[in-house]
Amino acid sequence: MIRVLIIDDDKMICFALKTIIENEEDMEVVGLGHNFDDAINLYTEHQPDICLFDIQIGKKTGLDALKKLKECNNNVRALFLTTFLDKSYIDQALKLGSCGYLLKDEFESICPSIRAVSAGQNVFGNKVIDNISKNSQSYNNKNNSKLDLQEKLNQREIDILKSVADGLNNKEISSKLFLSEGTVRNYISSMLVKLDLRDRTQLAIFYLKNI
C-alpha cells in the first residue's frame, strides 16, 4: 500500500485528491494539510511514502516544506501538483530533489505518477517538459529533434545521466555505480560540455526528452 500525504491550501482540492487516490486499491491517504506547518508536522507523524505538495501553501511554499524535510531526511519523496508552470519553480523543485512536477489539469496522471515515484522514478507532466525545453533553447544550439543518446554518450555516461534524472546526488551515484565521487563529477562536467547544457537540471530534462 502506497501511503500518501496531501498538502494543498485549497481544502476542496485536498478532499477531491483524497477521493481520487483512495479509489485506487494500492493507495491510501494518511493525512491532509494546508500549509507549511501541516506539511512538517504531518510528515513527522505519519512518515508517508509520497508527499503530494502544491507550490503555494500559505505564507511559505511547498518548496520550503520539501527543503526543510530534506534537512532531516534526504529520502523524502515529494511530487508537486500545482497550477504554476513557472520555470523557476520547476528548477527549484529539481534542485531540491523533487521526484516530479505535474500540473493540476493533468489529473489523469496523478495516480500513475504516484506509482512511478513509489517505484523510484521521476515524473514530469508533458507541459512541464515542453516548458523547460523551450526555455532551455537560449542555453544551447540543439534542434528540436530527439538525439540518439548512443551517438552522443557512452554507456557509462548514459548510466550516470539516468541517475541524475532519477534525482541522485554525486555520492549516491558513486555508490550505485561503484565509482569515486570525483569520477562522477568529471563525467557530469564532460557531459555538460558534450551536450552544450548548463547544469544538472538540463541534464535531467535532456534524458527525459531523449529516452
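- The name an unreviewed UniProt entry assigns to the protein is Stage 0 sporulation protein A homolog, from the organism Peptostreptococcus equinus.
- In its Function (unreviewed entry) section, the UniProt record describing the protein reads: "May play the central regulatory role in sporulation. It may be an element of the effector pathway responsible for the activation of sporulation genes in response to nutritional stress. Spo0A may act in concert with spo0H (a sigma factor) to control the expression of some genes that are critical to the sporulation process."

**Some words on the layout of surface pockets**
Thought 1: Considered as a void within the structure, the largest pocket measures approximately 640 Å³ in volume.
Thought 2: Lining the largest pocket are 27 residues, and of these G97, D166, G167, L168 and E172 lie nearest its centre.
Thought 3: Sorting the residues of the lining of the largest pocket by element identifies α4 (87-95), α8 (155-165), α9 (170-177) and α11 (200-210) as the ones contributing at least two each.
Thought 4: Broken down by element, the residue count for the lining of the largest pocket peaks at 3 residues, all from α11.
Thought 5: For the lining of the largest pocket, the per-class residue count stands at 9 nonpolar, 10 polar and 8 charged.

**Remarks on the UniProt feature "modified residue: 4-aspartylphosphate" (unreviewed entry) in the protein**
Thought 1: According to UniProt, the "modified residue: 4-aspartylphosphate" (unreviewed entry) feature falls on D54.
Thought 2: Relative to the helices and strands, D54 resides in the loop between β3 (50-53) and β4 (56-57).
Thought 3: Aside from chain neighbours lying at most four places away, what touches D54 is I7, D8, D9, G62, F80, L81, T82 and K104.
Thought 4: In this structure the side chain of D54 is engaged in a polar contact, spanning 3.1 Å, whose partner is the side chain of T82.

What counts, and where the lines are drawn
Residues numbered from 1 in each chain as written. Predicted model: local features only at pLDDT ≥ 70, side-chain atom pairs only at ≥ 80, totals over all residues. Heavy atoms only, no water. UniProt positions renumbered as here; feature names shortened; annotations may be inferred. 1 Å grid on protein atoms, 1.4 Å probe; cavity = no way out; pocket = protein on both sides within 12 Å on 5 of 7 lines; lining within 4 Å. Points joined across faces, edges and corners; volume = space filled by probe spheres on them. Helix = DSSP H or I, 4+ residues; strand = E, 2+ residues; numbered from the N terminus. Nonpolar A, V, L, I, M, F, W, Y, C, P; charged D, E, K, R; others polar. Contact = heavy atoms within 4.5 Å. Polar contact = N/O pair within 3.5 Å; in protein donor to acceptor, adjacent residues only side chain to side chain.

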